[in-house]
Amino acid sequence: MALPTNGRVIIDTTVGEIDIELWSKETPKTCRNFLALAMEGYYDGVIFHRVVPGFLVQTGDKTGTGMGGESFYGEPFEDEIHPRLRFAHRGLVAMANNGRKNSNDSQFIITLDRADELHGKHTLFGRCIGDTLYNVMKMGELELDANERPVYPPKIKGIRIIDNPFPDIIPRITAAERRAQQRAREEALKEREEYEWRKNAKKRELDVKLLSFRVDEGDEEEAIAFKKKPIVRPDLIDQPVAPSVSGVLPDFVTQGSRTTSNNPEKKKDQEKSKGDVDQEKKSKQGRKEIDLSKIREAHAAEKANSTTARQTEISKMEAEIRKLTKRRDGVDDDSDDERKKKKPKTSYLEAELGKYASSRGIKKKGGKGKGRAKDESDVLNVLNAFRGKLQTALPAEPEDDSEAKIGDDGTESNSVKVEEAKETQPPPANFPVGEDPGIEIDDDRGFLGHSLHFPKDDGEESRKAERDYEVIDPRQRGARAKEEEKARKAKAKYRDGGRGSRGRGSSGGGYQR
């Protein structure tokens, strides 16, 4: 089982992305060197200068020859060989060296197949994951020359750090500054080439002017002898213009005169061109310095923002820790605003009781609207009135049981009780004294004085239940079976005369005469 990784980068190449996970715990120095160089932009624009089909691909040399490279530490660093990291399959990332131990710099390799011969010689620090492995395998199929160098080598565009296990790395130079320096070098080289080309163009122009051809000189002389059209003085129409020099001059004379006449112009042109070039150089240098200063200011601002953000986060965490400690100690440190914001929490039971109270009318009086609860005194008056009716309706207990009338079913007759209730009930308060109250037709108050009486149980019902209903208990059935088995054995023993099978065998059987 492979060891867990800690760290991840994505290498963006011309053939696609390569996703790499790092073993930073097992090889900390190697991973720190790789991530620091990636942060500095060292690998940007570096080619894969060596491809061995079915074995490995190699890159990391800024010169592109395989003989260069530098480490983040300023010198080659030692190997980090781990016993559980082995070259068991393709897509493994390891450091390249010059054939000796402890000679690691910036070059690294990616395997295309199992490579047991590399174990113990090269530091294995990462692996390719996902479908990006096929981009590495695509490099193994490139067209090569005799020195294992691709005819059209792939190039690293840049490296993105997805998970950095070493946040304390401080790069010597940022990738943006390195790119700005590279652009400045390219522009300076381009300017130098343009200056050289201009200089050579001036020289070529001067060389062309210094050349003299006799045919051209004769043409010029003949042209001078021609008559010119009148411009201002018509009196010179018939008079031909005489040449300034008669005859053909030798070449060295004409060349000498031309060179002497052209020397001041040449000097002026050269001085002007030099001045222009110097001014352009100064302006471009100023622009470069401004760009570098802007980049550095932006980098410093980013660092300041990150530090302030960290400080704010740390202060928030400390405040939370203080709150938790105070709560644990039993100190309530909530501010007044927080206390105001906090609302008293009501339980579910209290909410349901409130609904019930609102529906039953238990709430306090004083509100408007229909359906309000009645006063408790009314309810108590009604209950007291009903209690008085019951007390007046209940008959007095008979002194002797024989005087009570019992019906056929063992209950006292309702008619007697109704009559007794009527007799004991006082007349109404508004009824005049001395008059017959009469009989109330709808009088259903007899139930108030009714009482139930049951005859005593003589045990007949319980005996009937035991006789009609049989209770079956499995334990009793098993005990009964055991008793039956014992009885059977005892009976068989009695039948044999108490001897058993052994007694018959020992006695020799039988019956004797």
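Structure's up top.
These notes cover the structure that comes with them. Quick caveat, the model's predicted, so the values are computed rather than measured. (Residues numbered from 1 in each chain as written. Predicted model: local features only at pLDDT ≥ 70, side-chain atom pairs only at ≥ 80, totals over all residues. Heavy atoms only, no water.)

### Details of the overall build of the chain
Argument step 1. The number of helices and strands found in the chain is 12 helices and 8 strands.
Argument step 2. Counting every position in the chain, which comprises 513 residues, the buried fraction comes to 22%.
Argument step 3. Here the contacts in the chain between residues at least 6 apart in sequence split such that 70% fall between residues at least 24 apart.
Argument step 4. Total accessible area on the chain is roughly 39,600 Å²; 52% of this is exposed by carbon and sulfur atoms. (Helix = DSSP H or I, 4+ residues; strand = E, 2+ residues; numbered from the N terminus. Buried < 20%, exposed > 50% of the residue type's maximum accessible area, 1.4 Å probe, protein only. Contact = heavy atoms within 4.5 Å. Areas by Shrake-Rupley, 256 points an atom, 1.4 Å probe, with all protein chains shown as cover.)

### With respect to the packing of aromatic side chains
Argument step 1. Using the criterion set out here, one finds 7 aromatic pairs in the structure.
Argument step 2. An angle of 75 degrees between the planes, with centres 5.5 Å apart, marks the rings of Tyr 73 and Phe 77 as edge-to-face.
Argument step 3. Look at Phe 77 and you get buried, because its relative accessible area is 2%.
Argument step 4. Of the aromatic side chains, those joined through ring pairs into one cluster are Phe 34, Tyr 42, Tyr 43, Phe 108 and Phe 125.
Argument step 5. Above the plane of the ring of Tyr 42 lies Lys 62, whose end atom (NZ or CZ) is 5.4 Å from the centre. (Phe/Tyr/Trp six-rings, centres within 6.5 Å; stacked < 30°, edge-to-face > 60°. Lys NZ or Arg CZ within 6 Å of the ring centre and 35° of its normal.)

### Quick word on a nonpolar patch on the surface
Argument step 1. On the surface, Val 379, Leu 380 and Leu 383 cluster together to form a nonpolar patch covering roughly 280 Å² of accessible area.
Argument step 2. Counting through the fold element by element, Leu 380 comes out in helix 8 (residues 376-393). (Patch = residues over 30% accessible without salt bridge, like charges linked within 9 Å, V, L, I, M, F, W, Y side chains within 5 Å. Salt bridge = Lys/Arg side-chain N within 4 Å of Asp/Glu carboxyl O.)

### Focus on empty space enclosed by the protein
Argument step 1. Going through the model one piece at a time under the given rule, you end up with 2 cavities of 30 Å³ or more.
Argument step 2. Taken as a whole, the second largest cavity spans an internal volume of roughly 40 Å³.
Argument step 3. Of the residues assigned to the lining of the second largest cavity, the class counts are 4 nonpolar, 5 polar and 1 charged. (1 Å grid on protein atoms, 1.4 Å probe; cavity = no way out; pocket = protein on both sides within 12 Å on 5 of 7 lines; lining within 4 Å. Points joined across faces, edges and corners; volume = space filled by probe spheres on them. Nonpolar A, V, L, I, M, F, W, Y, C, P; charged D, E, K, R; others polar.)

### Some points on the pattern of salt bridges
Argument step 1. Applying the stated rule across the entire model yields 14 salt bridges.
Argument step 2. Between Glu 40 and Arg 172 there is a salt bridge; the shortest N-O distance is 2.9 Å. Of this pair, Glu 40 sits in the loop between helix 1 (28-39) and strand 3 (50-52) while Arg 172 sits in the loop between strand 8 (156-163) and helix 3 (175-210); the two residues are 132 residues apart in sequence, bridging distant segments of the chain.
Argument step 3. Judged by relative accessible area, which is 46%, Arg 172 ranks as partly exposed.
Argument step 4. When salt bridges with common partners are traced through the structure, they connect Glu 40, Arg 172 and Arg 178 into a single cluster.

### A closer look at unusual backbone geometry
Among all residues except glycine, the phi angle is most often negative; among peptide bonds, the trans geometry is most common.
Argument step 1. One non-glycine residue, Asn 102, adopts positive backbone phi at about 55 degrees.
Argument step 2. Looking at where Asn 102 falls in the secondary structure, it is placed in the loop between strand 5 (92-95) and strand 6 (108-111).

### Here's the deal with the side chain of Thr 59
Argument step 1. With respect to the secondary-structure elements, Thr 59 resides in strand 4 (residues 56-59).
Argument step 2. Given the relative accessible area of 1%, Thr 59 is considered buried.
Argument step 3. What Thr 59 contacts, discounting residues up to four positions off in sequence, is Val 46, Ile 47, Phe 48, His 49, Gln 107, Phe 108 and Ile 156.

### Considerations on the pairing of strand 2 (residues 16-22)
Argument step 1. Taking burial as the measure, the 7 residues of strand 2 include 5 buried ones, the bulk of the element.
Argument step 2. Of the pairings in the sheet, the one linking strand 1 (residues 8-13) to strand 2 comprises 6 bridges and is antiparallel in character. Bridging from a neighbouring strand, Ile 11 pairs with Ile 18 of strand 2.
Argument step 3. Where strand 1 hands over to strand 2, the hairpin turn is made up of 2 residues, counted between the paired strands. (Pairing = 2+ DSSP bridges.)

### Quick notes on the environment of Ala 180
Argument step 1. Tracing the chain through its elements places Ala 180 in helix 3.
Argument step 2. Looking at Ala 180, the relative accessible area reads 9%, which means it is buried.
Argument step 3. Sequence spacing of Ala 180 and Leu 292 is 112 residues, and the spatial spacing of their C-alpha atoms is 7.1 Å.
Argument step 4. The residues touching Ala 180, leaving out its near neighbours within four places in the chain, are Leu 292 and Ile 295.

### A look at the side chain of Ser 106
Argument step 1. With respect to the helices and strands, the residue Ser 106 is situated in the loop between strand 5 and strand 6.
Argument step 2. Side-chain polar atoms of Ser 106 contact the backbone oxygen of Gly 60, separated by 2.9 Å.
Argument step 3. Ignoring sequence-local partners within four residues, the contact set of Ser 106 consists of Leu 37, Tyr 42, Tyr 43, Gly 60, Gly 69, Glu 70 and Met 95. (Polar contact = N/O pair within 3.5 Å; in protein donor to acceptor, adjacent residues only side chain to side chain.)

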